[in-house]
Each structure stands twice: as structure tokens, then as C-alpha cells.
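Chain and residue survey
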Amino acid sequence: MERIPVFAPCTGIDTLKHLTDALDVGWIGMGATTKEFEDRISAFLGLTDRQVIATNTGTSALHIALVAAGVKPGDEVITPSFNYVADHQAIRMAGAEVVMCDIRDDNLGIDCAKAEPLITKKTKAIIPLHFAGLPCDQAGVFSLAKKHKLRVIEDAMHGFGTAIGGRKLGSYGDITCFSFDPVKIVTSIDGGCVIVASDQEFSNLQRLRLLGVD
Ligand SMILES: Cc1ncc(COP(=O)(O)O)c(C=O)c1O
């Protein structure tokens, strides 16, 4: 029987050159290469009114996005039950409660009709997941969020390059998070990023990703 690997990275001469170039800089840590990575993400996604904050993992991207969005202990965050554990852990790290919602059969994303009855006075945000790069009912999520004044933090970990109506995930919306771990579309071995529109939240996120240092 043919074996299909979970991931088989495509690396080559170009990858090695980038690795050695990064080491040649002589600064092992966040610096000019990280900034270049953020700029390239921004260019690839075609960002015009939002900024990129690179993080060490997709999980920490979700965590700091939740904190920057004002999610705090006692709040509730709705996310699909069919999800990776990272989302549930990020919500718990922000001190909030995870409220799991069922998914739809057609796109394996959150079922907005089932999400609405889960909204309480404590609900602060929704984290929809675009599973395997397949867009979820994003319009439904945005309209639910608008109606109930909720933040939307999109888990676009599987969807780097996914576009809905010609617009790439992350180039619009509220807050979007990507992962660059080894099973994702583009990998930095471990890594992630947050895309945010508000300048205030951008500067909060910059501090949050590095122990409060700016
Ligand atoms: C849906 C989903 N969310 C979040 C994550 C977390 O990303 P990372 O492994 O970069 O922390 C993953 C990673 O597998 C994922 O598949």
C-alpha cells in the first residue's frame, strides 16, 4: 500500500542559503531577519491596512491575540470542537473558558446556527478555524460577531494563501493567526504570526510577544 507522509518538507539549496545567511548575520534571536520575514508575509498577503507580528509558534500567536483583544479571566471564547488542542490551550492561557461548538459537514468549519445559542453575557470572542485551508462560513461568523459585539480571531493556521472571493485570509477581518510549524504550508520549523489592524493592538502585541520588552 502507498504510504502518504503527514509532511514531507520541500527544502533545497535556497533553504540552506537562507539558513546560513541568517547565521552569518551573527545575531541569533529576533532582529532584521524576523523583520524581513514579517515584511514578506505582508507583501505575500497584500496587506494594506494591517501589520504582522511574528511569534515563536501559532499557539502563542493565538494566545497573545486573545490577550490583545481584551480577553480576560471569566470571559468565554467559542471555537469549534473539531480543532487542534492549541486553540483550547491558548484560550485557557488567556484565563478564559473554552466553549466548544459543533461544525458543519460541508466545510468542516464552525456551524454559526449552533454557535449563536452558545453566546452568553460572558462571550468575548470567536475563534473560527479554516480546516485544512478550506474556508469556513466566514461571512456567518463576521455577522454573528457584529450582532453580538464579539471579537473574531481567525485560526488560519492551515490557510496561508487561502483566499475567499479573491481576498487572502489575513488581508481583512478582525485578527488573523497563522502557524509555520512543520505540517503547515510554509514552515520556519516553529513559528507563527498575528495580523492585526489596530495600531494600539499592534504595539500591545509587540510587547506581549517578548516578555513586555519593546
Ligand atoms: C488548527 C491549528 N491551530 C493551532 C495550531 C498551533 O500551531 P503551532 O503548532 O505553530 O503552535 C495548529 C498546529 O498544528 C493547528 O493545526
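Preceding this section is the structure that the text describes.
I will try to describe carefully the structure that is included in this document.

Criteria and cut-off values
- Residues numbered from 1 in each chain as written.
- Predicted model: local features only at pLDDT ≥ 70, side-chain atom pairs only at ≥ 80, totals over all residues.
- Heavy atoms only, no water.
- Helix = DSSP H or I, 4+ residues; strand = E, 2+ residues; numbered from the N terminus.
- Rg over C-alpha atoms; globule rule 2.2 N^0.38 Å.
- Contact = heavy atoms within 4.5 Å.
- Areas by Shrake-Rupley, 256 points an atom, 1.4 Å probe, with all protein chains shown as cover.
- Polar contact = N/O pair within 3.5 Å; in protein donor to acceptor, adjacent residues only side chain to side chain.
- Near = heavy atom within 4 Å.
- Pairing = 2+ DSSP bridges.
- Axes fitted to C-alpha atoms, helices over the stretch in contact; angles between N-to-C directions.
- Phe/Tyr/Trp six-rings, centres within 6.5 Å; stacked < 30°, edge-to-face > 60°.
- Buried < 20%, exposed > 50% of the residue type's maximum accessible area, 1.4 Å probe, protein only.

1. A word on the overall build of the protein chain
- Across its full length, the protein chain holds seven helices and nine strands.
- In summary, the protein chain has a C-alpha radius of gyration of 17 Å against a globular reference of 17 Å for 214 residues, a match within 12%.
- By its C-alpha atoms, the protein chain is 55 × 50 × 30 Å across when sized along the principal axes.
- Summarising the internal contacts of the protein chain: among those between residues at least 6 apart in sequence, 59% fall at separations of at least 24.
- Surface exposure of the protein chain reaches about 11700 Å², of which carbon and sulfur atoms provide 59%.

2. Some details on the environment of glutamate 154
- By the secondary structure assignment, glutamate 154 is in strand S5 (residues 151-155).
- As for glutamate 154 and valine 141, which are separated by 13 residues in sequence, their C-alpha atoms are 9.8 Å apart.
- Contacts of glutamate 154, omitting those with residues within four sequence positions, involve Pro128, His130, Gln138, Phe142, Leu169, Tyr172, Ile175, Thr176 and Cys177.
- A distance of 2.9 Å separates the side chain of glutamate 154 from the side chain of glutamine 138, its partner in a polar contact.

3. Focus on the site of the ligand
- Around the ligand, a shell composed of 15 residues is seen, among which Thr59, Asp155, Ser179, Asp181 and Lys184 lie nearest.
- Between aspartate 87 and the ligand, the recorded distance is 3.1 Å, taken from a side-chain N or O atom to a nitrogen atom.
- Between lysine 184 and the ligand, the recorded distance is 2.6 Å, taken from a side-chain N or O atom to an oxygen atom.
- Compared with its free state, where it exposes 390 Å², the ligand has 91% of that area covered by protein.

4. Section: the sheet that holds strand S8 (residues 175-179)
- With mixed pairing, seven strands are arranged side by side in an open sheet as S1-S9-S8-S5-S4-S2-S3. Bordering the open sheet on either side are strand S1 (51-55) and strand S3 (97-101), each of which pairs with just one other strand. On average, each strand axis in the sheet is inclined to that of its neighbour by 25°, with strand direction left out of account.
- Bridging between S5 and S8 involves three bridges; their strand directions are parallel. Paired with glutamate 154 across the strands is threonine 176, a residue of S8.
- Against the sheet, helix H2 (residues 32-45) makes contact with S1, S8 and strand S9 (192-196), and its axis sits at roughly 130° relative to S1, the strand it touches most.
- Along the sheet, helix H6 (residues 138-148) contacts strand S4 (123-126) and S5; its crossing angle with S5, the most-contacted strand, is approximately 155°.

5. A closer look at the packing of aromatic side chains
- Counting across every chain of the model gives five aromatic pairs.
- Ring geometry for phenylalanine 37 and phenylalanine 180: centres 5.2 Å apart, planes at 70°, overall edge-to-face. One end of the pair, phenylalanine 37, is in helix H2; the other, phenylalanine 180, is in the loop between S8 and S9, with 143 residues separating them in the sequence.
- Under the relative-accessibility criterion, phenylalanine 37 is labelled partly exposed at 28%.
- Arranged with centres 5.2 Å apart and planes meeting at 85°, the rings of phenylalanine 160 and phenylalanine 178 form a pair that is edge-to-face. In this pair, phenylalanine 160 is assigned in the loop between S5 and strand S6 (163-164) and phenylalanine 178 in strand S8, connecting sequence segments 18 residues apart.

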